[in-house]
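Residues per chain are reported as follows:
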Amino acid sequence: MATPVKSESAAAAPKAPQPQPPVKGAIMRRVFPFLLATNVFIGVYVFAKTYKRDQDKKNAEAAAAAAAAAALASPPAPIAKPAEPAPPPKRVFPPLSQDEQRQVYKWMLEEKRRTKPQTAAEKTKINEEKALLKEIIRAEYLPRLW
């Protein structure tokens, strides 16, 4: 038998493209910038913390030296108790309008209605409070809330 002879026309026919193998450095191309940025940020953080700590030490030393120099230069002063700090000022809220007061009383009445008395004495007390709130709500002028 004759051996098959490859023809030139078959050799010239395009072969199916084979997929390219993944590039070996693709992972490094993605990971390297991340590692570089992380390293830079950590370096800046450590540098800033160290710089701040050094500045605090220098300021403390300078203050101690200035205090020592001032103590030697000035005559001794009588030791006085430090003044007590003033209490913070109380916050003063604007007064409530009549409508807002009426809404507060209505809310109080709703809360009284929701409560479940366990004894007869509690029930009578709640009923008296509800009657008083109803009277206040219906009044033309409301008592001032503090």
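Shown above is the structure to which this text applies.
Residues numbered from 1 in each chain as written. Predicted model: local features only at pLDDT ≥ 70, side-chain atom pairs only at ≥ 80, totals over all residues. Heavy atoms only, no water.

## Considerations on the pattern of salt bridges
Link 1 in the chain: By the definition in use, this model includes two salt bridges.
Link 2 in the chain: Residue R114 pairs with E111 through a salt bridge whose shortest N-O separation is 3.0 Å. Taken together, the residues R114 and E111, both in helix α3 (residues 98-114) and three residues apart, mark about one turn of the helix.
Link 3 in the chain: Residue E129 pairs with K112 through a salt bridge whose shortest N-O separation is 2.4 Å. Taken together, the residues E129 in helix α4 (residues 120-138) and K112 in helix α3 connect sequence positions 17 residues apart. (Salt bridge = Lys/Arg side-chain N within 4 Å of Asp/Glu carboxyl O. Helix = DSSP H or I, 4+ residues; strand = E, 2+ residues; numbered from the N terminus.)

## Focus on α3
Link 1 in the chain: Across its 17 residues, α3 extends 25 Å between first and last C-alpha, which sits within 8% of the 24 Å expected from 1.5 Å per residue.
Link 2 in the chain: Among all positions of α3, only Q101, R102, Y105 and L109 are buried. Down the axis of α3, the buried set is contained in an arc of 100°. They therefore lie on one face. Away from its buried face, by an angle of more than 90 degrees, α3 presents the exposed residues D99, W107 and R114.
Link 3 in the chain: Packed against the buried residues of α3 are α4. (Expected span 1.5 Å × (residues − 1). Buried < 20%, exposed > 50% of the residue type's maximum accessible area, 1.4 Å probe, protein only. Arc of directions from axis to C-beta. Contact = heavy atoms within 4.5 Å.)

## A look at the nonpolar core
Link 1 in the chain: Within the largest apolar cluster, six residues are counted, these being Y105, L109, L133, I136, I137 and L142.
Link 2 in the chain: For this core, the secondary-structure elements that each account for two or more residues are α3 and α4.
Link 3 in the chain: Counting residues per element, this core draws most heavily on α4, at three residues.
Link 4 in the chain: The contact partners of L142, leaving out residues within four places of it in the chain, are Q98, Q101, R102, Y105, I136 and I137. (Core = buried A, V, L, I, M, F, W, Y, C linked by side-chain atoms within 4.5 Å.)

## With respect to the packing of α3 against α4
Link 1 in the chain: In the contact formed by α3 and α4, the axes pass within 10 Å of each other and the chain directions differ by 160°. By the angle between their axes, α3 is roughly antiparallel relative to α4. By crossing handedness, the relation of α3 to α4 is classed as left-handed. Side by side, α3 and α4 meet where R102, Y105, K106, M108, L109, K112 and R113 of the first sit next to I126, E129, K130, L133, K134, I136 and I137 of the second.
Link 2 in the chain: Its residues assigned to classes, the contact of α3 with α4 comprises seven nonpolar, no polar and seven charged. (Axes fitted to C-alpha atoms, helices over the stretch in contact; angles between N-to-C directions. Parallel < 35°, antiparallel > 145°, perpendicular 65-115°, else oblique. Left-handed = near helix turned anticlockwise from the far one by under 90°. Nonpolar A, V, L, I, M, F, W, Y, C, P; charged D, E, K, R; others polar.)

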